[in-house]
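# Inside the fold
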Amino acid sequence: SEPGLVIFLVYHSVFSNKRPWILALLLAGLAARAGYSWKYPQWGPGGTIPDISWYETMAESLLHHGELRDPAGNLNAAREPGYPLILAGLYNVTGPSYRAAQALNGLLGVLTIALIFALGRDIFGPPVGLLGAAIAAFYPQFIYYSASLEREIFQTFLITAAVWLLVRARRDRSLRLYAAAGAATACCALTNSVFIPAGAALTLGVWLSEPRPRRGRWTAVYLAAMLAVYAPWPLRNYLVFGRPIIGSSAGGAHLYIGLIVPNDVAGTTGEQELVGRDPVAQEASKLGEAERDALFYREALKIVRREPARFARYISGSFFKLWRLYPYERPYAHGSRQVFWVSLLSDGWIIPFALLGMLLARRRFPDADLFYLVLASVSGVYTVFWSIIRYRLPMMPFAILL
């Protein structure tokens, strides 16, 4: 299986040199995640499992009924199936368990550290791999989201694995690894449809990087594996809703609401008030899921055509919000001041140095082009549709290494 291949290759790549400090670093990263998760369990009322963005509800729906249903009990495509599927698979073994989900996040986090080490070592050399893994082991945002039933940790593991498999496939000239990389890229898109353009960009990267006699064959294998793994999701959506939904049925709402809600208001009660008064949002609330999505897209495109300058301001604001060095002041669980300083002492230097690393590396490391394709495509989608600082988490392994 593709996950088993990833784990085997990571183990062989990281531990083949038998250096004990690598194991010590991974254990330290696991301890940091386990300690934080134990200290801040985020239980729901009465010890229930918190349902963040429907993932818990959809996981239990899959476990008990074999269907993806939202909290209202409706079949839906607003949330992609990847993270609910892996939670449902876990619950099939452990039963619905918040602690089991935290443990899974912790293990995925440790695998991501190992992948960051392997990527850095293979592309830039052992010192970069080691330093990148050390930063990732204690990166506060990775630790924080390990305790939460959100998809960011799973996404981060998947996209890092997909890029690493592509690097290995290029170097080993392995059709099997190209197929595994394509499957991993499809899993990224099945977890969050923002990675669909990343899949297209990486396909182009495969085509451009291979010599002419072989490029068609390698690219075809990568693309075929990606499409084969991803195809059941849009097919299911068409059968359920009677119209094409390639990724998520929430894209239109994200685009429209992003255009009517200023970035500094998003996530506050002000956003709820603006959306509640908006006539388009009121009309959309009366429609079915697919029709609602189509209405939001139509109205958003009207704004873009009517007010291109407003759209340009929205685009630039969203990009800078996505890559802000610290978040807006909000009533965070740990307090705004603490979040500010933790962000400034981590992202505050990682992101500027990542930009400097891009300028210094340029094209001297051909495999690093894959980093740029992911960063550009994912940032571009979020800039258009909806940007929140935590959405950049799957891009941070590449920023750390750069």
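It should be noted that the structure appears before, not after, this text.
Residues numbered from 1 in each chain as written. Predicted model: local features only at pLDDT ≥ 70, side-chain atom pairs only at ≥ 80, totals over all residues. Heavy atoms only, no water.

### Quick notes on the overall build of the protein chain
Check the secondary structure of the protein chain and you find 21 helices and 0 strands. Against the globule reference of 21 Å for 402 residues, the protein chain gives a C-alpha radius of gyration of 21 Å, in line with a compact fold. With the principal axes as the frame, the protein chain shows a C-alpha extent of 60 × 55 × 45 Å. For the protein chain, the residues scored as buried account for 53% of the 402 residues in total. Put simply, of all contacts in the protein chain between residues at least 6 apart along the chain, 74% involve residues at least 24 apart. (Helix = DSSP H or I, 4+ residues; strand = E, 2+ residues; numbered from the N terminus. Rg over C-alpha atoms; globule rule 2.2 N^0.38 Å. Buried < 20%, exposed > 50% of the residue type's maximum accessible area, 1.4 Å probe, protein only. Contact = heavy atoms within 4.5 Å.)

### As for the state of the cysteines
Here the structure, examined in full by the defined rule, presents 0 disulfides. For C187, which is in no disulfide, the shortest distance to another cysteine sulfur is to C188 and amounts to 7.2 Å. Judged by relative accessible area, C187 falls into the partly exposed class, the value being 22%. C188 sits in the buried class, given a relative accessible area of 1%. (Disulfide = S-S within 2.5 Å.)

### Quick notes on helix α16 (residues 289–306)
A rise of 1.5 Å per residue sets the reference length of α16, with its 18 residues, at 26 Å; its end C-alpha atoms lie 26 Å apart and thus fit the reference within 8%. Residues E289, A290, D293, L295, F296, E299, A300 and I303 constitute the buried set of α16. Of the surrounding elements, those touching the buried residues of α16 are α12 (232–241), α13 (251–260), α15 (279–284) and α17 (308–322). (Expected span 1.5 Å × (residues − 1).)

### Thoughts on empty space enclosed by the protein
Going through the model one piece at a time under the given rule, you end up with 2 cavities of 30 Å³ or more. Roughly 60 Å³ of volume is contained in the largest cavity. Taken together, R33, L108, G109, T112, I113, F142, S146, I153 and T156 form the lining of the largest cavity. Those elements that place two or more of their residues in the lining of the largest cavity are α5 (98–124), α7 (140–146) and α8 (152–172). (1 Å grid on protein atoms, 1.4 Å probe; cavity = no way out; pocket = protein on both sides within 12 Å on 5 of 7 lines; lining within 4 Å. Points joined across faces, edges and corners; volume = space filled by probe spheres on them.)

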